[in-house]
Amino acid sequence: MSDEEHHFESKADAGASKTYPQQAGTIRKNGYIVIKGRPCKVVEVSTSKTGKHGHAKCHFVGIDIFNAKKLEDIVPSSHNCDVPHVTRTDYQLIDISEDGFVSLLTENGNTKDDLRLPTDESLLAPIKDGFAEGKDLVVSVMCSMGEEQICALKDIGPK
């Protein structure tokens, strides 16, 4: 045996999968599904009857939760689909840098500096304006499949 110490990189997700399987027939509108490798919110589900040889099919229409693109998929209702783990976390906005990154305060008092401002103009303008006016802003960050993006804004009053 050697006297060397072994160091392991620690992972925050403990090696958990980015998705979990769920039967296609049980996925409903407003749920989540992975279509073409992208996490999507389901906006429309239609199920066709079984044909002469086989399975009922589920037709999913989903909107990508990060870039709002519309994606479609058809899966036999008895087969499993990948469903992404989606989490939303609120952070207080501390600073906006010139290069478009935001500095956020986490629950445990640390800062998170690896997120960009959203590209959606309807969200970008209120964040910049509210920060310039010195308001206390809380942003909701949606996280799924290794991607994170600011998706909502709350004003909790003046500083």
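Up top you'll find the structure we're talking about.
Computed from a predicted structure; not experimentally measured.

### Side note on a negative patch on the surface
Step number 1: On the surface, D95, E98, D99 and D113 cluster together into a patch of negative charge.
Step number 2: Counting through the fold element by element, D99 comes out in the loop between strand 7 (86–96) and strand 8 (101–105).

### As for the pairing of strand 10 (residues 135–144)
Step number 1: Of all ten residues that make up strand 10, eight are buried, and the element is covered over most of its length.
Step number 2: The pairing of strand 7 with strand 10 spans seven bridges and is antiparallel. The partner of V86 across the bridge, within strand 10, is S144.

### Some words on helix 1 (residues 121–132)
Step number 1: With twelve residues, helix 1 should reach 16 Å at 1.5 Å per residue; the first-to-last C-alpha distance of 16 Å fits that figure.
Step number 2: Where helix 1 ends, the next residue or the one after it, G134, has phi of about 80 degrees, a positive value.

### Quick notes on the nonpolar core
Step number 1: Judged by nonpolar contacts, the single largest core of 14 residues is most densely connected at L93, V102, L104, I127, V139, V141 and I150.
Step number 2: If we ignore the near neighbours within four places in the chain, the residues touching V102 are L93, D95, I96, K112, D113, L115, L117 and I150.

### Some words on the pairing of strand 8
Step number 1: Both strand 7 and strand 8 contribute to a ladder of four bridges, which runs antiparallel. Considered in strand 8, the bridge of L93 is made with L104.
Step number 2: As judged from the four bridges shared by strand 8 and strand 9 (residues 111–116), these two strands associate in the antiparallel manner. Looking at the pairing, L105 lines up with T111 of strand 9.

### Details of the side chain of S140
Step number 1: Mapped onto the fold, S140 is located in strand 10.
Step number 2: Side chain to side chain, S140 and D90 meet in a polar contact 2.6 Å long.
Step number 3: Setting aside residues no more than four positions away along its own chain, S140 makes contact with R88, T89, D90, Q149, I150, C151, A152 and K154.

### Focus on the side chain of T19
Step number 1: Examined against the element boundaries, T19 turns out to sit in strand 1 (residues 19–23).
Step number 2: With relative accessibility at 18%, the residue T19 sits in the buried group.
Step number 3: When neighbours within four sequence positions are excluded, T19 is seen to be in contact with V34, D82, V83, P84, H85 and M145.

### Notes on the sheet that holds strand 2 (residues 32–35)
Step number 1: Across the sheet, four strands lie side by side as 2-3-4-5; this open sheet has antiparallel pairing. The open sheet terminates on both sides in strands that have one partner only, identified here as strand 2 and strand 5 (70–76). Neighbour-to-neighbour, the strand axes of the sheet open up by a mean angle of 45 degrees, direction not taken into account.
Step number 2: Two strands pair when backbone bridges link them, and strand 4 (residues 57–64) and strand 5 are joined in this way by seven bridges, in the antiparallel orientation. By the bridge assignment for strand 5, I63 is matched with K70.

### Topic: the environment of A132
Step number 1: Among the secondary structure elements, A132 is positioned in helix 1.
Step number 2: Residue classification places A132 among the exposed residues on the basis of a relative accessible area of 68%.
Step number 3: Along the chain, A132 and I96 lie 36 residues apart, while their C-alpha atoms are 9.6 Å from each other.

### Looking at unusual backbone geometry
Step number 1: A positive phi angle, close to 55 degrees, is found at K36, a residue other than glycine.
Step number 2: Structurally, K36 is set in the loop between strand 2 and strand 3 (38–48).
Step number 3: The backbone of A68 sits at a positive phi, close to 60 degrees, despite the residue not being glycine.
Step number 4: Looking at where A68 falls in the secondary structure, it is placed in the loop between strand 4 and strand 5.
Step number 5: The exposed category is assigned to A68, whose relative accessible area is 57%.

Definitions and limits used
- Residues numbered from 1 in each chain as written.
- Predicted model: local features only at pLDDT ≥ 70, side-chain atom pairs only at ≥ 80, totals over all residues.
- Heavy atoms only, no water.
- Patch = residues over 30% accessible without salt bridge, like charges linked within 9 Å, V, L, I, M, F, W, Y side chains within 5 Å.
- Areas by Shrake-Rupley, 256 points an atom, 1.4 Å probe, with all protein chains shown as cover.
- Salt bridge = Lys/Arg side-chain N within 4 Å of Asp/Glu carboxyl O.
- Lys, Arg positive; Asp, Glu negative; His and termini not counted.
- Charge placed at Lys NZ, Arg CZ, Asp CG, Glu CD.
- Helix = DSSP H or I, 4+ residues; strand = E, 2+ residues; numbered from the N terminus.
- Buried < 20%, exposed > 50% of the residue type's maximum accessible area, 1.4 Å probe, protein only.
- Pairing = 2+ DSSP bridges.
- Expected span 1.5 Å × (residues − 1).
- Core = buried A, V, L, I, M, F, W, Y, C linked by side-chain atoms within 4.5 Å.
- Contact = heavy atoms within 4.5 Å.
- Polar contact = N/O pair within 3.5 Å; in protein donor to acceptor, adjacent residues only side chain to side chain.
- Axes fitted to C-alpha atoms, helices over the stretch in contact; angles between N-to-C directions.

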